[in-house]
Amino acid sequence: MVEKLLYKVLQSYYERGMTQQEIANRYGISRMKVNRLISKALEDKIVQIKINLVGEPTTELENRLEQLFGLNEVIVVVPESQSSTLLELGEAAADYLSNRLAGNETIGITWGRAMLATINAMHATDSPNTRVVQIIGGLGNPEAEIHGTDLVIRLAQTLGAKARPLNSPGLVKTKEMRDALVSNIQVSDTLALAENANLALVGIGALSDSALIVQNSQILSASEAQRLNTLGAVGDIGLRYFDSGGTFIDDEINTRVVGLTAEQITRIPRKIAVAGGSKKHAAVLAAARGKLIDTLITDIDTAQFLLLNAENP
């Protein structure tokens, strides 16, 4: 009798697509009992689920990295060439967003080439209840495509969303200048909106001689870069620098950044990082180690570097 009931429950659930509550109502048993029967059938291998879909070649690597670093999701792209890495990362990130956005989120965004590549690959939608907000003030040439304000406006236009640019430099000369800017109601309101974002789309910066932020002395001076190196900095998210263990560094530069603090960035529920290339290996590894991000979209060389160095100090 028990086996007959079990068969009917399993057939109703797996073949007819009935809900557990519908099955409970039909056979006069509790929903909890239906759940127990289904769970026991899986445990005893009475029911065996097979996914008839061939996984991507990178699936095993992605799963392994998710387990090692406690990431919600890792997406690995295999670029056709080194020169196409950034383009293909952007395409993967755009595809990820198009499949994850519900249309009512507040999206925080940083700046840089990875953000530009992502936005360039996005398809137009109509999401008037979505807001796109700048996490850190503008860095570098305001007319550059990778400038944060331009990226926020472009992403909002592509999504059919509302844009909230942060009308301020990202890094100023003194703490007093920063405090004066943040006291402006427009700046403070934008930062408050950014702090309460549902998700953040971020790049991971590297602190190397070839890094964009180091090459542009208008953003970071040579002496500041040297000081951060001495403190052990390997990378940044939104100009908040962290060491090889993924711990944010306490430096004087933090008092002059007009943007979310390290703690505020950390508290955003979903942090999606788009980063790759050999020059960013150490920074991406550190961000993953420190659980500074939840989702990583990267290239296969970087992914293999993470795998090899996951347990190394």
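Refer to the structure printed above.
Residues numbered from 1 in each chain as written. Predicted model: local features only at pLDDT ≥ 70, side-chain atom pairs only at ≥ 80, totals over all residues. Heavy atoms only, no water.

## Some thoughts on the overall build of the protein chain
A count of helical and extended segments in the protein chain gives 14 helices and 10 strands. Seen through its C-alpha atoms, the protein chain measures out along the principal axes to roughly 80 × 45 × 35 Å. Scored against the burial criterion, the 313 residues of the protein chain give a buried share of 49%. Long-range contacts, defined as pairs at least 24 residues apart, comprise 69% of the intrachain contacts of the protein chain with a sequence gap of at least 6. Summing over all exposed atoms, the protein chain offers an accessible surface of approximately 16100 Å²; the carbon and sulfur share of this is 50%. Looking at charge distribution, the protein chain has the averaged site of its 30 positive side-chain charges lying 9 Å from that of its 35 negative ones. (Helix = DSSP H or I, 4+ residues; strand = E, 2+ residues; numbered from the N terminus. Buried < 20%, exposed > 50% of the residue type's maximum accessible area, 1.4 Å probe, protein only. Contact = heavy atoms within 4.5 Å. Areas by Shrake-Rupley, 256 points an atom, 1.4 Å probe, with all protein chains shown as cover. Lys, Arg positive; Asp, Glu negative; His and termini not counted. Charge placed at Lys NZ, Arg CZ, Asp CG, Glu CD.)

## Considerations on the packing of helix H4 (residues 59–69) against helix H14 (residues 300–309)
In helix packing, the relevant descriptors are the interaxial angle and the interaxial distance, both defined with respect to the helix axes. In contact at an axis separation of 10 Å, H4 and H14 are set at 45 degrees when each is read in the N-to-C sense. Here H4 lies oblique to H14, going by the angle between them. Relative to H14, the crossing made by H4 is left-handed. Contact residues: Leu-61, Arg-64, Leu-65, Leu-68 and Phe-69 in H4; Ile-300, Ala-303, Gln-304, Leu-306 and Leu-307 in H14. A breakdown of the residues in the contact of H4 with H14 according to their chemical character gives 8 nonpolar, 1 polar and 1 charged. (Axes fitted to C-alpha atoms, helices over the stretch in contact; angles between N-to-C directions. Parallel < 35°, antiparallel > 145°, perpendicular 65-115°, else oblique. Left-handed = near helix turned anticlockwise from the far one by under 90°. Nonpolar A, V, L, I, M, F, W, Y, C, P; charged D, E, K, R; others polar.)

## Concerning the pairing of strand E2 (residues 106–109)
The side-chain alternation of E2 yields two buried faces, one formed by Thr-106 and Gly-108 and the other by Ile-107 and Ile-109. Relative to strand E3 (residues 131–134), E2 is paired through 4 bridges, and the arrangement is parallel. Across the sheet, Ile-109 pairs through a bridge with Gln-134, a residue of E3. The β-α-β motif built from E2, the intervening helix H6 (residues 113–121) and the parallel element E3 has right-handed crossover chirality. Of the strand pairs in this sheet, E2 and strand E5 (residues 199–202) are connected by 3 bridges, and their pairing is parallel. Looking across to E5, one finds that Ile-107 is bridged to Leu-199. (Pairing = 2+ DSSP bridges. Right-handed = clockwise from strand over helix to strand, strands pointing away.)

## Quick notes on the nonpolar core
Counting residues in hydrophobic clusters, the biggest one holds 42 residues, and the most contacted among them are Ile-109, Val-132, Leu-220, Val-274 and Ile-297. It is helix H5 (residues 85–100) that contributes the most residues to this core, 6 residues altogether. Not counting the four nearest positions on each side in its chain, Ile-109 is found in contact with Met-115, Ile-119, Val-132, Val-133, Gln-134, Ile-135, Leu-151, Val-152, Leu-155 and Leu-201. Ranked by size, the runner-up nonpolar core spans 38 residues in total, among them Val-74, Val-258, Val-284 and Leu-296. (Core = buried A, V, L, I, M, F, W, Y, C linked by side-chain atoms within 4.5 Å.)

## With respect to the packing of aromatic side chains
Each aromatic ring pair is characterised by the separation of its centres together with the angle its planes make. For the coordinates displayed, the defined rule picks out 2 aromatic pairs. Taken together, a centroid distance of 5.0 Å and an interplanar angle of 85 degrees make the contact between Tyr-13 and Tyr-14 edge-to-face. Residues Phe-242 and Phe-248 carry aromatic rings whose centres are separated by 6.2 Å and whose planes lie at 85 degrees to one another, so their mutual orientation is edge-to-face. (Phe/Tyr/Trp six-rings, centres within 6.5 Å; stacked < 30°, edge-to-face > 60°.)

## Some words on the sheet that holds strand E6 (residues 205–206)
Taken together, the 3 strands give an open sheet; going across it, the order is E6-E7-E8, and neighbouring strands pair in antiparallel fashion. Every other strand in the sheet has two partners, leaving E6 and strand E8 (240–243) as the edge strands with one partner each.

## Points about helix H9 (residues 185–195)
Buried within H9 we find Val-187, Thr-190, Leu-191, Leu-193 and Ala-194. For H9, the angular spread of buried residues about the axis comes to 160 degrees, placing them on one side. On its buried face, H9 is in contact with E2, E3, strand E4 (162–164) and helix H8 (175–182). For H9, the N-terminal cap is Asn-184; the gap from its side-chain oxygen to the backbone nitrogen of Gln-186 is 2.8 Å. (Arc of directions from axis to C-beta. Polar contact = N/O pair within 3.5 Å; in protein donor to acceptor, adjacent residues only side chain to side chain.)

## Regarding the sheet that holds E5
Strands sit in the order E1-E10-E9-E5-E2-E3-E4 across an open sheet of 7 strands; the sheet is parallel. If you trace the sheet from one side to the other, it starts and ends with strand E1 (73–77) and E4, each paired once. Direction aside, the axes of adjacent strands within the sheet are offset by 15 degrees on average. Where H5 meets the sheet, its contacts fall on E1, E5, strand E9 (270–274) and strand E10 (295–299), and the angle it forms with E10 comes to roughly 150 degrees. Taken strand by strand, H9 contacts E2, E3 and E4, and its axis lies near 115 degrees from that of E3.

Function-wise, these values are silent; they only describe arrangement.
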